[in-house]
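Observations on the model geometry
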Amino acid sequence: MSGPMHLIVSHAEAGQKLLQYLSRVLGKDVPGSVFMRWIRTGQIRVDGKRVKPFDRLAKGQTVRLPPFAEVPQGRTDRVGSLDVYFQDPAPLDLVILAETEDWLVIAKPTGLPVHPGSGWTDSVQTRLAKAYAAAPFVPSIAHRLDRDTSGVLLVAKTHWALTHAHEAFKSRRAVKEYLCWVRGRWTLSAQGEPAEFTDHLEKAGPVGREKMVPSNRMGKGKLNSEGEVKETGKEARLQALPLVIEAERTLLKVRLFTGRTHQIRTQLASRGHPIVGDAKYGGGPPPMYLHAWRLSLADQTFVCPAPWAGEWAAGTPPE
């Protein structure tokens, strides 16, 4: 490269701190100490001015990089719009329910993990990274779904969207609703009447075979200075509404008020109603009939119909 590189901050990148932006543009293999040195010596500038590492970038600003910085293919060495950034993209091979300037809504299939790890190399995030390899902001998954849970998965295409989603989930302004078939005849509320459950969940069991357990339902806890039992674990709350009640199984619509690991699976199983196909919590062999049906965020609602067929599709609500 004969001269410095000038890049325009796109809509997708706006709001990031400078160090975060540099890590995305130049790759995580470049040590942060290198970025700090470039910033300190004025080799990186924004709109021609010296900047600090944690300054936030705005759409349309020009970031000057030193001539020896290696920018991945797909970026440009001229000042101009970078909102179109595909270069030989890999196929995503996932059903797209909706797409906006800020969001990508995916119908996650059963058996595909959201992130790689624990022996799994294929994942939703891995496919996103390949499909958007040259993007200034690689779309990031905004929340979690278990590997064997199907349904609506929200992906942020911009830094603003990712921050907005995290804040909404943290403050519980986002509404997540699930459908699930559980074992046994439901007697905890009448058909069409909701029942709300609150537990304190913690991890227990031998290494490699841990499960989440409701400590409050196992007589576990700690005594405080007044001699009262204080619950251990994290609070978990949900609401279950039976849509179909049969002799040996029940179809529930579940609304989460908290987002704990294995929350629905644990809270229902501890009440004698494990999810059908959830071998870990006593529901028998897979497939597991747990589906993320609807997600509401601010004034937007995204729905993913359950993929169940035959007798398992009975009573599922319309889109």
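Notes on the structure in this doc start here. Treat the numbers as computed from the prediction; the structure is a model and nothing was measured.

**Section: the overall build of the chain**
- The helix and strand inventory of the chain stands at five helices and 16 strands.
- Out of the 319 residues belonging to the chain, those deemed buried represent 47%.
- A separation threshold of at least 6 residues defines the contact pool for the chain, and within that pool the share at least 24 residues apart is 64%.
- When the accessible surface of the chain is totalled, it reaches about 16,200 Å², and 51% of it is carbon and sulfur.

**What about the sheet that holds strand β3 (residues 62-65)?**
- Ordered by their spatial adjacency, three strands build an open sheet running β1-β3-β2, and the pairing between neighbours is antiparallel. Both edges of this open sheet fall to β1 (5-8) and β2 (45-46), since each of them pairs with a single strand only.
- Looking at chain direction, β2 and β3 are connected through two bridges and run antiparallel. Note on β3: the bridge partner recorded for R45 is R64.
- Against the sheet, helix α1 (residues 18-26) makes contact with β1, β2 and β3, and its axis sits at roughly 65° relative to β3, the strand it touches most.

**Notes on the environment of H159**
- Within the secondary structure layout, H159 lies in helix α4 (residues 159-170).
- Residues H159 and V138, 21 residues apart in the sequence, show an inter-C-alpha distance of 9.4 Å.
- Discounting residues that sit within four places of it in the chain, H159 has contacts with A12, E13, A14, G15, Q16, Q20, R56 and F137.

**Quick look at the packing of α1 against helix α2 (residues 32-40)**
- Look at α1 against α2: their axes get within 10 Å of each other, and the N-to-C directions meet at 120°. The orientation of α1 with respect to α2, classified from their angle, is oblique. α1 and α2 meet at a crossing whose hand is right-handed. In this structure, α1 contributes L18, L19, L22, S23 and L26 to the contact, and α2 contributes F35, M36, W38 and I39.
- By residue class, the composition of the contact of α1 with α2 is eight nonpolar, one polar and no charged.

**Side note on α1**
- Across the nine residues that make up α1, a large majority, seven, are buried.
- On its buried face, α1 is in contact with β1, α2, β2 and β3.
- Once α1 ends, the next one or two residues include G27, with phi positive near 100°.

**Structural notes on the pattern of salt bridges**
- Inspection of the entire model under this criterion finds 10 salt bridges.
- Ionic pairing is found between R147 and D148, a salt bridge with its closest N-O pair at 3.5 Å.
- Of the charged contacts, one joins E246 and R249 as a salt bridge, the two residues approaching to 2.7 Å between their closest N and O atoms.
- On the basis of relative accessibility, which here comes to 11%, the residue R249 falls in the buried class.

**Brief notes about unusual backbone geometry**
- The step from P286 to P287 runs through a cis peptide bond, and the omega angle for that step is 15°.
- Within the chain, D93 stands out as a residue other than glycine whose phi angle is a positive 55°.
- Positionally, D93 belongs in the loop between β3 and β4 (95-99).
- One non-glycine residue with positive phi stands out, namely H262, at about 55°.
- Checked against the element boundaries, H262 lands in the loop between β14 (249-256) and α5 (263-269).
- What makes H262 buried here is its relative accessible area of 18%.

**Re the packing of aromatic side chains**
- If you walk through the whole model with that rule in mind, you get six aromatic pairs.
- Between the aromatic rings of Y289 and W312, the centroid separation amounts to 4.3 Å while the plane-to-plane angle is 20°, which identifies the pairing as stacked. Taken together, the residues span a long stretch of sequence, with Y289 in the loop between α5 and β15 (290-297) and W312 in the segment after β16 (300-303) at a distance of 23 residues. With respect to burial, Y289 and W312 carry one shared label: buried.
- In textbook terms, an aromatic cluster arises when at least three aromatic residues are bridged by ring pairs, as seen for W181, Y289, W308 and W312.
- Stacked on the ring of W181, the Lys or Arg R249 has its end atom at 4.0 Å from the ring centre.
- The ring of W312 carries the charged tip of R249 above its face, separated from the ring centre by 4.7 Å.

**Things to note about the side chain of S140**
- Mapped onto the secondary structure, S140 falls in strand β6 (residues 140-141).
- Here V138 takes part through its backbone oxygen, which lies 3.3 Å from a polar atom of the side chain of S140.
- Ignoring anything within four residues of it in the chain, the contact list for S140 reads R24, Q125, V155, A156 and L162.

**Overview of α2**
- Looking at α2, one finds that the buried residues are V34, F35, W38 and I39. Summarising the axial view, the buried residues of α2 lie within an arc of 135°, below the 170-degree limit, and thus occupy one face. Turned more than 90 degrees away from the buried face of α2, the exposed residues are S33 and R40.
- Elements in contact with the buried residues of α2: α1.
- With its phi angle positive at about 80°, G42 sits one or two positions after the end of α2.

Criteria and thresholds
Residues numbered from 1 in each chain as written. Predicted model: local features only at pLDDT ≥ 70, side-chain atom pairs only at ≥ 80, totals over all residues. Heavy atoms only, no water. Helix = DSSP H or I, 4+ residues; strand = E, 2+ residues; numbered from the N terminus. Buried < 20%, exposed > 50% of the residue type's maximum accessible area, 1.4 Å probe, protein only. Contact = heavy atoms within 4.5 Å. Areas by Shrake-Rupley, 256 points an atom, 1.4 Å probe, with all protein chains shown as cover. Pairing = 2+ DSSP bridges. Axes fitted to C-alpha atoms, helices over the stretch in contact; angles between N-to-C directions. Parallel < 35°, antiparallel > 145°, perpendicular 65-115°, else oblique. Left-handed = near helix turned anticlockwise from the far one by under 90°. Nonpolar A, V, L, I, M, F, W, Y, C, P; charged D, E, K, R; others polar. Salt bridge = Lys/Arg side-chain N within 4 Å of Asp/Glu carboxyl O. Phe/Tyr/Trp six-rings, centres within 6.5 Å; stacked < 30°, edge-to-face > 60°. Lys NZ or Arg CZ within 6 Å of the ring centre and 35° of its normal. Polar contact = N/O pair within 3.5 Å; in protein donor to acceptor, adjacent residues only side chain to side chain. Arc of directions from axis to C-beta.

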